[in-house]
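Observations on the three-dimensional arrangement
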Amino acid sequence: MRKLLILASAIVFFDVAFYAAIAPLLPEYVAEFGLSKAEAGVLAAAYAVGTLIASLPGGFVATRMGPRRTVIGGLLLLGFSSLVFGLAHDIVLLDAARFAQGVSGAFTWSGALTWLITSAPSERRGSVIGTALGTAVAGALVGPIIGAIAGEVGTGPVFGVVLAIALALAAVASRLPEPGPPEAQPLREVAAQILSRPILVATAFVAVPSLMFGAVEVLVPLRVSELGGGHLAIAGGFIAAAGLESALSPIAGRYSDRVGRRIPFVFGIGVCALAMVGIAAADALGSVMAALILAALGAGICFAPALTTLSETADLSGLHQGFAAGLSNMAWAAGQAAGAMAGGGLASATGYAVPSLAVAALLLVTSAYAYRSLVPPLVQPAQT
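Residues numbered from 1 in each chain as written. Predicted model: local features only at pLDDT ≥ 70, side-chain atom pairs only at ≥ 80, totals over all residues. Heavy atoms only, no water.

1. Considering the overall build of the protein
The number of helices and strands found in the protein is 14 helices and 0 strands. Shown N-terminal to C-terminal, the secondary structure of the protein runs as helices and strands in the order α-α-α-α-α-α-α-α-α-α-α-α-α-α. For the protein, the C-alpha radius of gyration of 19 Å lies close to 21 Å, the compact-globule estimate for 384 residues. For the protein, the residues scored as buried account for 57% of the 384 residues in total. For the protein, the share of sequence-separated contacts (at least 6 apart) that also reach a separation of at least 24 residues comes to 88%. Summed over all atoms, the accessible surface of the protein reaches about 14100 Å², with 70% contributed by carbon and sulfur. (Helix = DSSP H or I, 4+ residues; strand = E, 2+ residues; numbered from the N terminus. Rg over C-alpha atoms; globule rule 2.2 N^0.38 Å. Buried < 20%, exposed > 50% of the residue type's maximum accessible area, 1.4 Å probe, protein only. Contact = heavy atoms within 4.5 Å. Areas by Shrake-Rupley, 256 points an atom, 1.4 Å probe, with all protein chains shown as cover.)

Okay, here's the thing in structure tokens:
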């Protein structure tokens, strides 16, 4: 189990690091290609759109072919698509490569999460998910550093390293055993379970905070750039935010194993709402950075309970964990894509306050609904 947790954590760390590397590069691409805020949102969201489209196919592959093969295939696609992204000098090709990276992320996440959840004891599920999530967020901590380096020395050499790392991780994955043979569920049964109310609600609890960070990924870098901040300022803010979220995720996962998922999820979502109000009101570089840190605080508290809720709800509904992992990917990707594109589009038309306050309102509604609904039988606290 320990080797698997290390491998899964390395995979998600690697995947998220190169996803997050876009933040310091976004203003540079805006200047180089003359992109509008909405077009910048499309580039930022292309990864999430790829993940969205490939999420359930990735879960399907994990159930039919096993999580190990799913992980290996995703790693190979990530390596080659990242190489293309690093060498591209055309915005359409950059969008396409970013989309392919998102598809690869759907397969690596679905495979890695399915592998972990089906191997871990149920009473430690929150802790295991929180640890993997914290490592993934640590990738977001390193990602802006990678982006800043790429902005200084060139994207080709930096993103070219990804292929070698992907091949190395795939080789390690090929040597680890799977928990059991793949389990096929009838697709009609899968569809009915996915469309059931408990699964839809649990999926929404992952999607809403993801939407917030999709908006933040676009609004904060562009706002910082307008206020005079450069690559290093953007990278520094996201590094600090990711470090906080990475540290909190395992703690929140372990805490939710003891007390249930509702308390940390509702509190974290409320903190996220306050952060979005802060972004709307910010008129100086320091206040934007403070709001970003607050958003990371809320995300670090709420994401692990949200993912664990979806996994446990899948167990209660009889849905294979491969599809649960696919749904978590879909929820994250749909939220990220909607937040990035809507946030960029609304910011172009109305300024930064309207999209920030709209996201804050959605977070508050979600928090109130979760407080009422996030009780058994939707999710049951682990026994200690």
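2. So, the pattern of salt bridges
On inspection of all chains with the given rule, the structure shows 4 salt bridges. Here Arg 223 makes a salt bridge to Glu 226, at a shortest N to O gap of 3.5 Å. Separated by 3 residues within a single helix, Arg 223 and Glu 226 lie in helix α9 (residues 197-226), roughly one turn from each other. The exposure class assigned to Glu 226 is partly exposed, which follows from its relative accessible area of 46%. A salt bridge links Glu 312 to Arg 261, with the shortest nitrogen-to-oxygen separation between them at 2.5 Å. (Salt bridge = Lys/Arg side-chain N within 4 Å of Asp/Glu carboxyl O.)

3. What about the packing of helix α3 (residues 37-65) against helix α4 (residues 67-87)?
Taken N-terminus to C-terminus, the directions of α3 and α4 make an angle of 135 degrees; their axes are 7 Å apart at the nearest point. Between α3 and α4, the interaxial angle falls into the category oblique. Note on element contacts: α4 touches α3 through Pro 67, Arg 69 and Thr 70, opposite Gly 58, Val 61, Ala 62 and Met 65. For the contact of α3 with α4, the residue count by class is 4 nonpolar, 2 polar and 1 charged. (Axes fitted to C-alpha atoms, helices over the stretch in contact; angles between N-to-C directions. Parallel < 35°, antiparallel > 145°, perpendicular 65-115°, else oblique. Nonpolar A, V, L, I, M, F, W, Y, C, P; charged D, E, K, R; others polar.)

4. Concerning helix α14 (residues 353-373)
Taking 1.5 Å of rise per residue, the 21 residues of α14 would be expected to cover 30 Å, and the 30 Å separating its terminal C-alpha atoms lies within 8% of that figure. Along α14, the positions that sit buried rather than exposed are Pro 355, Ser 356, Val 359, Ala 360, Leu 363, Thr 366, Ser 367, Ala 370 and Ser 373. Buried positions in α14, seen along its axis, are confined to an arc of 165 degrees and lie on one side of it. In α14, those exposed residues whose orientation departs by more than 90 degrees from the buried face are Leu 364, Val 365 and Arg 372. In this fold, the buried residues of α14 make contact with α9, α11 (262-281) and α13 (321-350). (Expected span 1.5 Å × (residues − 1). Arc of directions from axis to C-beta.)

5. Some points on a nonpolar patch on the surface
A cluster of nonpolar side chains, namely Leu 76, Phe 80 and Leu 167, defines an oily patch on the protein surface of about 270 Å² accessible area. With respect to the element layout, Leu 76 can be found in helix α4. (Patch = residues over 30% accessible without salt bridge, like charges linked within 9 Å, V, L, I, M, F, W, Y side chains within 5 Å.)

6. Structural notes on the confidence of the model for the protein
Across the protein, the average pLDDT comes to 85, with 96% of residues at or above 70. Averaged over each element, pLDDT in the protein is lowest for helix α2 (residues 22-33) (81) and highest for α11 (93). (pLDDT = per-residue confidence, 0-100.)

7. A word on the state of the cysteines
Enumeration according to the criterion identifies 0 disulfides in this entry. Just so you know, Cys 272 is unpaired, no disulfide at all, and the nearest cysteine sulfur is the one on Cys 302, 4.6 Å from it. (Disulfide = S-S within 2.5 Å.)

8. Focus: the nonpolar core
Here is a general trend for soluble globular proteins: nonpolar side chains tend to be buried in one another's company. Counting 77 residues, the largest nonpolar core has Met 212, Val 216, Val 220, Phe 265, Met 276, Leu 319 and Leu 363 as the members making the most contacts within it. The dominant element in this core, judged by the number of residues it contributes, is α9, at 17 residues. For Phe 265, the residues in contact, after removing those within four places along its chain, are Phe 205, Cys 302, Pro 305, Ala 306, Thr 366, Ala 370 and Leu 374. (Core = buried A, V, L, I, M, F, W, Y, C linked by side-chain atoms within 4.5 Å.)

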